[in-house]
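Structure at a glance
As a plain string of letters, each chain reads:
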Amino acid sequence: MTKESTTIDVGEPSTVTKSSSHVVKKKGFVAAAAGGGAKRGLAIFDFLLRLAAIGVTIGAASVMFTAQETLPFFTQFLQFQAGYDDLPAFQYFVIAVAIVASYLVLSLPFSIVTIVRPLAVAPRLILLIFDTLVLTLNTSAAAAAASIVYLAHNGNQNTNWLPICQQFGDFCQNVSTAVVAASIAILFFIVLIIISAIALKRH
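Residues numbered from 1 in each chain as written. Predicted model: local features only at pLDDT ≥ 70, side-chain atom pairs only at ≥ 80, totals over all residues. Heavy atoms only, no water.

Packing of helix H3 (residues 122-154) against helix H4 (residues 169-201) brings their axes to within 8 Å, and their N-to-C directions diverge by 155°. For the element pair H3 / H4, the angle class is roughly antiparallel. Helix-helix and strand crossings are classified by hand; for H3 and H4 the assignment is left-handed. Of the residues contributing to the contact of H3 with H4, the split by class is 24 nonpolar, six polar and two charged. (Axes fitted to C-alpha atoms, helices over the stretch in contact; angles between N-to-C directions. Helix = DSSP H or I, 4+ residues; strand = E, 2+ residues; numbered from the N terminus. Parallel < 35°, antiparallel > 145°, perpendicular 65-115°, else oblique. Left-handed = near helix turned anticlockwise from the far one by under 90°. Nonpolar A, V, L, I, M, F, W, Y, C, P; charged D, E, K, R; others polar.)

Here is the structure:
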């Protein structure tokens, strides 16, 4: 009777398994590196946008704070003068926009962290939450000031509010410039929020 011999070869499948595992890990590493590079690009753009927003908000608050004009004619008992502190809406604008500018300065370290560690979730989530809150503050200040600027330019016949920009031209130009700058800052914040949302969605 002839004895049959059985040969079991287990070496080759093991090699194939190890090779497949190595390929999968390599693909995962490449994908993570690509995702980190895209997020780092978004983080750099976020940082530059914050620097631009700082300049815009500081400019808006400064222009409104220094908005003042005195007409060249006056009487012994009466002087015609217009300043930001004559209207509560403009006072609120200066305070609110100054707070917005301060927040933007304080947010720069978090933005830098997202550049160094683009895959970190916590700093990006913090920026998203506070950017949304500060956007609300900035929008309310710009809207309140814009309503007064509109009345200064056009007046309101129903309330006997006369337009004053024909007399206080420089004052109206300054406050209008401040409102436009604050509106540009609103657009910056909307873009910043979109950047944070995109970065978090890719996790």
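The rest of the description comes next.
So, about the confidence of the model for the chain. Atomic detail in the predicted coordinates should be set aside for any region of low pLDDT. Considering every residue of the chain, the mean pLDDT works out to 81; 76% of them sit at 70 or more. Within the chain, the element-level pLDDT minimum falls on strand E1 (residues 68-74), averaging 69, and the maximum on helix H2 (residues 88-116), averaging 95. Taken as a whole, residues 1-5 scores under 50 in pLDDT and shows zero contacts with residues more than four places along the chain or in a different chain. Per-residue pLDDT stays below 50 along residues 12-34; that stretch engages in zero contacts with residues further than four places along the chain or on separate chains. (pLDDT = per-residue confidence, 0-100. Contact = heavy atoms within 4.5 Å.)

For the structure shown, the criterion picks out three salt bridges. Across the pair Arg50 and Asp46 runs a salt bridge whose closest N-O atoms are separated by 2.7 Å. Of this pair, Arg50 and Asp46 both sit in helix H1 (residues 11-65), four residues apart, which is roughly one turn of that helix. Under the relative-accessibility criterion, Arg50 is labelled buried at 0%. Here Arg124 makes a salt bridge to Asp46, at a shortest N to O gap of 3.2 Å. Within this pair, whereas Arg124 is found in helix H3, its partner Asp46 is found in helix H1, the two being separated by 78 residues in sequence. By the burial criterion, Arg124 is buried, and Asp46 matches it. Among the charged side chains, a network of salt bridges with common partners joins Asp46, Arg50, Arg124 and Asp131. (Salt bridge = Lys/Arg side-chain N within 4 Å of Asp/Glu carboxyl O. Buried < 20%, exposed > 50% of the residue type's maximum accessible area, 1.4 Å probe, protein only.)

This part is about the nonpolar core. Met64, Phe90, Phe93, Leu104, Phe171, Val175 and Phe189 are the most contacted members of the largest nonpolar core, which has 45 residues in total. Going through the elements one at a time, H1, H2, H3 and H4 are the ones with two or more residues in this core. If you tally residues by element for this core, the top one is H4, at 13 residues. Setting aside residues up to four positions removed in sequence, Leu104 forms contacts with Arg50, Ala53, Ile54, Thr57 and Phe189. (Core = buried A, V, L, I, M, F, W, Y, C linked by side-chain atoms within 4.5 Å.)

Before going further, it helps to spend a moment on H2. Relative to the 42 Å expected for 29 residues at 1.5 Å per residue, H2 spans 43 Å between its end C-alpha atoms, a close match to the ideal helical length. At Leu108, H2 shows its largest bend, some 35°, and a proline, Pro109, comes one to four positions later. (Expected span 1.5 Å × (residues − 1). Bend = angle between axes of the 7 residues up to and from the residue.)

Another point: the packing of aromatic side chains. Applying the stated rule across the entire model yields two aromatic pairs. When the ring of Phe65 is compared with that of Tyr84, the centres are 5.2 Å apart and the planes differ by 50°; the resulting orientation is tilted. Taken together, the residues span a long stretch of sequence, with Phe65 in helix H1 and Tyr84 in the loop between strand E2 (79-83) and H2 at a distance of 19 residues. On the basis of relative accessibility, which here comes to 18%, the residue Tyr84 falls in the buried class. (Phe/Tyr/Trp six-rings, centres within 6.5 Å; stacked < 30°, edge-to-face > 60°.)

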